[in-house]
Amino acid sequence: MSAKSVSRSRGSSLMAYLFLAPTLAGIGIFTLIPIVGSLVLAFFRWDIISNPEFVGFQNFTEAAADPTVLVSFGNTILFVVIAVVLQLGLALLLAVLVQERLPNWLRVFFRSAFFFPLILSAASVSIFMGYLFNEQFGVVNWFLGLVGIPAVPWLTTPTGASTVIILVYVWQNFGFSFLLFLGALAGIPKEVYEAASIDGATGWRKHRNVTIPLISPTTLVASVMAIISALQMFDQPYVLTRGGPGDATRTVVMVIYETAFKRLEFGKASAIGLILMLLIMAVTALQFRLSKRYVFYQ
Amino acid sequence: MTTQTITATAKRRRPFDWGMALRILVLVLVGALILGPVLWTFSTSLRPPAEGLTLPPSFIPLNPDFGSYAEVFRQLNMGLLVLNSALVTGLIAVGQMLSAALAGYAFAFLKFKGKSALFSLVLATMMIPVQVTIVPVFMLIRGMGLSDTLLALILPAIPTAFGTFLMRQYFLGLPTELAEAATVDGASPLRIFWSIYAPLAMPGLAIVGILAFNFHWNEFFRPLILTISEQNFTLPLGLVTLQGNMGTGSISVVLAGVVLSMIPALVVFLFGQRTLREGLTAGAGK
């Protein structure tokens with residue numbers, strides 16, 4: 001490659017390291033050291049005030065026996081499953097509807113509209129959604145009242161609160177999967193559909209037999225990204241419910257936050273954080289294994 | 001028989017497209033569910049503070065009242081919150097653009113030992129969420145004596161694995177001949193980078209900058225943990241505090257704050273939507 005000659009004539013490795021210094025030093029200090037720090041801290045008891053004390057696996061066993069921690073993992077996994085299925089399903093349906101047969105100006109309009117929530121802050125969205133779902137004066141219950149449905153206690157019952165958290169999360173995030181699917185659909189050559197319709201495939205069958213296999217690489221990437229991001233859910237439950245009622249909407253990241261910064265159990269918080277990181281890595285690994293069997297690469 | 005033929009031709013000429021109607025109905029319905037809450041937020045912020053809760057809800061501000069906007073400035077130090085958010089977001093964006101351009105350029109064009117290993121390392125850190133490392137980051141910040149400062153928010157956010165990856169891709173798409181010619185003329189690598197390639201890479205840099213701006217302007221988790229005193233709060237943190245203090249008080253005042261906080265994001269959306277879309281989906285690239 002000709003790029004080599006550039007460096008051969010002039011640049012020693014030193015110059016390259018200078019270019020890399022800000023990024024590598026930054027990643028080293030603020031990502032790599034913290035990862036190692038987490039690993040070490042997870043085996044210590046430390047409240048910042050007194051000296052750290054080595055406790056072996058006690059933080060992990062304590063976390064595993066703590067009902068709040070267990071509930072938070074259960075909640076998070078439930079939220080992730082429902083939110084990701086909703087998010088991907090809605091995104092794919094809308095992408096197909098927007099991509100096919102729509103006049104261009106409508107396509108641009110809907111693409112902007114569905115993408116719009118992505119640019120807002122999750123905290124702000126949760127603030128106004130909290131008002132919309134308020135039991136007495138919320139607009140949602142007002143609309144439900146119009147069709148004769150009595151006021152739903154959205155944020156004060158476990159099921160209601162979980163539903164709102166998931167809906168608000170999906171409302172804000174489905175646009176991302178939508179964009180990915182839209183890109184994938186635009187990449188399918190027209191001839192493929194023409195060939196399919198010559199073979200007699202129409203409507204739903206066309207999508208099942210042509211679209212879904214052809215966009216499967218995107219589906220995989222979209223689901224990995226959606227799962228990883230939903231596993232870190234924090235802003236919505238923090239602003240909408242503070243994890244309540246009871247522990248009904250407490251997520252893993254909320255428990256990490258409370259364990260570390262409310263109860264000053266930094267070791268235990270690190271241990272929970274490590275478990276979450278392992279979960280994220282396991283999900284990614286599993287999905288890529290599955291992809292070898294089910295994803296169709298053109 | 002004649003009538004039959006007529007209706008048949010009429011039908012053939014203008015068949016009502018049920019599929020299309022259903023398609024548009026679904027899209028309009030979802031569109032309304034997406035834009036409705038935002039419209040309601042805007043419209044309610046234009047109600048007088050005392051009427052925020054009044055039903056029926058308002059979606060179109062017929063008698064705009066700016067009392068809630070005046071009130072949110074009285075209840076929150078909006079000027080300082082905006083200044084903090086702008087400082088934090090702006091410095092992170094500029095810092096990310098600079099550091100990612102330099103590192104991306106090195107990974108694309110320069111030759112050095114350990115290149116592929118270092119690049120893999122950078123890519124590997126892209127997967128690690130800040131939520132997982134926040135406890136050690138907090139301690140690090142404390143150890144550096146940066147607790148409860150804006151620098152605590154800025155410094156850790158500058159190194160960007162994603163931006164480095166993006167800029168490397170961008171530089172790889174640029175011709176190498178320019179560098180060769182400049183090298184023959186005796187230009188140093190830094191000079192070649194700064195006067196030839198950095199200007200050419202502006203569109204890529206814009207993606208890094210806009211993504212950083214949008215993400216950190218909206219960020220809530222890190223400011224919640226890394227700042228303590230109100231003078232260091234960013235806008236989202238200030239708004240959540242206001243909402244918490246007021247409980248179910250005057251919602252139009254809180255919503256006025258929410259609307260104000262959306263303005264920069266809205267500007268980016270209006271003028272940089274394409275760049276933003278490209279950037280967001282770049283990470284999932286093929």
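On a predicted model such as this, the values are computed, not experimentally measured, just so you know. (Residues numbered from 1 in each chain as written. Chains lettered and ligands numbered in written order. Predicted model: local features only at pLDDT ≥ 70, side-chain atom pairs only at ≥ 80, totals over all residues.)

Asker: Is there a simple way to explain the overall build of chain A in this structure?
Answerer: Each helix and strand in chain A was counted, giving 14 helices and 2 strands. Taken over the C-alpha trace, chain A has a radius of gyration of 24 Å; the compact-globule value for 298 residues is 19 Å, which it surpasses by more than 25%. When its C-alpha atoms are laid out on the principal axes, chain A stretches across 75 × 75 × 35 Å. When burial is assessed residue by residue, chain A has 43% of its 298 residues classed as buried. Look at the contacts in chain A between residues 6 or more apart in sequence, and 69% of them connect residues 24 or more apart. (Helix = DSSP H or I, 4+ residues; strand = E, 2+ residues; numbered from the N terminus. Rg over C-alpha atoms; globule rule 2.2 N^0.38 Å. Buried ≥ 20, exposed ≤ 12 C-beta atoms within 10 Å, placed from the backbone. Contact = placed C-beta atoms within 7 Å.)

Asker: Sorry if this is basic, but what is going on with the overall build of chain B here?
Answerer: Assigned secondary structure in chain B consists of 14 helices and 0 strands. When the helices and strands of chain B are read in sequence order from the N terminus, they spell out α-α-α-α-α-α-α-α-α-α-α-α-α-α. The C-alpha atoms of chain B give 26 Å as radius of gyration, which overshoots the globular expectation for 286 residues (19 Å, by more than 25%). Projected onto its principal axes, the C-alpha positions of chain B cover 85 × 65 × 35 Å. Put simply, 75% of the contacts in chain B that link residues at least 6 apart link residues at least 24 apart.

Asker: Mind showing me how you'd approach the UniProt feature "transmembrane region" (unreviewed entry) in chain A here?
Answerer: Residues and elements named next belong to chain A. Using the residue numbers shown here, the UniProt feature "transmembrane region" (unreviewed entry) corresponds to residues 14-44, 77-97, 109-133, 164-188, 214-234 and 271-290. With 100% helix and 0% strand, residues 77-97 has end C-alpha atoms that lie 30 Å from one another. For the annotated span residues 271-290, helix accounts for 100% and strand for 0% of the residues, and the straight-line distance between the end C-alpha atoms is 29 Å. (UniProt positions renumbered as here; feature names shortened; annotations may be inferred.)

Asker: Explain the UniProt feature "domain: ABC transmembrane type-1" (unreviewed entry) in chain A to me, please; I cannot follow it from the model alone.
Answerer: UniProt feature "domain: ABC transmembrane type-1" (unreviewed entry): in the numbering of this structure it lies at residues 73-287 of chain A. Helix makes up 75% of residues 73-287 of chain A and strand makes up 0%, while its end C-alpha atoms are separated by 20 Å.

Asker: Would you take a moment to explain the UniProt feature "transmembrane region" (unreviewed entry) in chain B for this structure?
Answerer: All names here are of chain B. Using the residue numbers shown here, the UniProt feature "transmembrane region" (unreviewed entry) corresponds to residues 21-42, 86-110, 117-138, 150-171, 192-217 and 251-271. Span residues 21-42 is 100% helix and 0% strand, its end C-alpha atoms 30 Å apart. From the first C-alpha to the last, residues 251-271 spans 30 Å; its make-up is 100% helix and 0% strand.

Asker: Would you mind going over the environment of Ile227 of chain A with me for this structure?
Answerer: Residues and elements named next belong to chain A. Structurally, the position occupied by Ile227 is in helix H11 (residues 216-231). Owing to 21 C-beta atoms within 10 Å, Ile227 belongs among the buried residues under this scheme. Taking C-alpha positions, Ile227 is 8.9 Å from Thr284, a pair spaced 57 residues apart along the chain. Once residues within four sequence positions are removed from consideration, Ile227 is found in contact with Val80, Val84 and Val283.

Asker: I keep staring at the environment of Leu76 of chain B and nothing clicks. Help me out?
Answerer: Residue and element names in this part refer to chain B. Mapping Leu76 onto the fold places it in the loop between helix H3 (67-75) and helix H4 (78-109). When the C-alpha atoms of Leu76 and Glu230 are compared, they prove to be 9.9 Å apart, with 154 residues separating the residues in sequence. Beyond its immediate chain neighbours, meaning those up to four positions away, Leu76 contacts Leu81, Gly238, Leu242 and Gly257.

Asker: Is there a simple way to think about the interface of chain A and chain B in this case?
Answerer: In this assembly, 76 residues from chain A lie in contact with 72 residues from chain B. In terms of residue count, the dominant contributor to the side of chain A that touches chain B is helix H2 (residues 13-41) of chain A (19 residues). Tallied by class, residues from the side of chain A that touches chain B come to 53 nonpolar, 18 polar and 5 charged. (Nonpolar A, V, L, I, M, F, W, Y, C, P; charged D, E, K, R; others polar.)

Asker: What exactly am I supposed to notice about the packing of helix H11 (residues 202-218) of chain B against helix H14 (residues 251-282) of chain B here?
Answerer: Two quantities define a packed helix pair, namely the angle between the axes and the distance from one axis to the other. Residue and element names in this part refer to chain B. Direction vectors running N to C along H11 and H14 enclose 115°, while the axes themselves pass 9 Å from each other. Taken as a pair, H11 and H14 cross one another with a handedness that is left-handed. On the side of H11, the interface is formed by Ala206, Ile207, Ile210, Leu211, Phe213, Asn214, Trp217 and Asn218, while H14 contributes Pro264, Ala265, Val268, Gly272, Thr275, Leu276, Glu278, Gly279 and Ala282. In the contact of H11 with H14, the residues fall into 11 nonpolar, 5 polar and 1 charged. (Axes fitted to C-alpha atoms, helices over the stretch in contact; angles between N-to-C directions. Left-handed = near helix turned anticlockwise from the far one by under 90°.)

Asker: Before we go on, may I ask you to explain the nonpolar core in this structure?
Answerer: Of all hydrophobic cores here, the largest spans 155 residues; its most connected members are Phe178, Phe181, Ala230 and Ile272 of chain A together with Tyr105, Ala106 and Val208 of chain B. A per-element tally of this core places helix H8 (residues 158-186) of chain A first, with 15 residues. Filtering out sequence-adjacent residues up to four positions away, Phe181 of chain A remains in contact with Ala91, Leu92, Ala95, Ile215, Thr218 and Ala222 of chain A. (Core = buried A, V, L, I, M, F, W, Y, C linked by C-beta atoms within 7 Å.)

Asker: What's the story with the packing of helix H4 (residues 67-99) of chain A against helix H2 (residues 18-45) of chain B in this structure? I'm lost.
Answerer: Orientation of H4 of chain A relative to H2 of chain B, taken along the N-to-C sense of each, is 125°, at an axis distance of 10 Å. By the angle class used here, H4 of chain A and H2 of chain B are oblique. Crossing angle aside, the handedness with which H4 of chain A passes H2 of chain B is left-handed. Here Leu94, Leu97 and Val98 of chain A of H4 of chain A come into contact with H2 of chain B, specifically with Arg23, Val26, Leu27 and Val30 of chain B. (Parallel < 35°, antiparallel > 145°, perpendicular 65-115°, else oblique.)

Asker: Sorry, what's going on with the environment of Thr133 of chain B here?
Answerer: Positionally, Thr133 of chain B belongs in helix H6 (residues 130-143). Here Thr133 of chain B is in contact with Thr31, Pro34, Ile35 and Ser38 of chain A together with Ile128 of chain B, once residues within four sequence places are set aside.

Asker: It is not clear to me how unusual backbone geometry should be interpreted in this structure. Could you clarify?
Answerer: Backbone torsion omega between Gly244 of chain A and Pro245 of chain A reads -5°, so that peptide bond is classified as cis. With respect to the element layout, Pro245 of chain A can be found in the loop between helix H12 (235-240) and helix H13 (252-261). A positive phi angle is found at Asp148 of chain B, which is not glycine, with a value near 55°. Inspection of the secondary structure assignment puts Asp148 of chain B in the loop between H6 and helix H7 (150-154).

Asker: Help me out: how do you make sense of H4 of chain A in this one?
Answerer: Residues spaced three or four apart along an α-helix point in a common direction, a consequence of the helix completing one turn every 3.6 residues. An ideal rise of 1.5 Å per residue puts 48 Å on 33 residues; H4 of chain A measures up with 47 Å between its terminal C-alpha atoms. Just downstream of H4 of chain A lies Arg101 of chain A, where phi reads positive at about 55°. (Expected span 1.5 Å × (residues − 1).)

Asker: What should I look at first to understand the confidence of the model for chain B in this one?
Answerer: One rule of thumb: low pLDDT means the predicted coordinates there are not for detailed reading. Looking at chain B, the pLDDT average stands at 86 and 92% of residues meet or exceed 70. Under the prediction, the complex receives an ipTM of 0.87, its pTM being 0.89. (pLDDT = per-residue confidence, 0-100.)

Asker: I keep staring at the confidence of the model for chain A and nothing clicks. Help me out?
Answerer: For chain A, mean pLDDT is 88; residues scoring 70 or higher make up 94% of the total. In this model, residues 1-11 of chain A is a region of pLDDT below 50 whose contacts with residues beyond four sequence positions or in other chains number 22 contacts.

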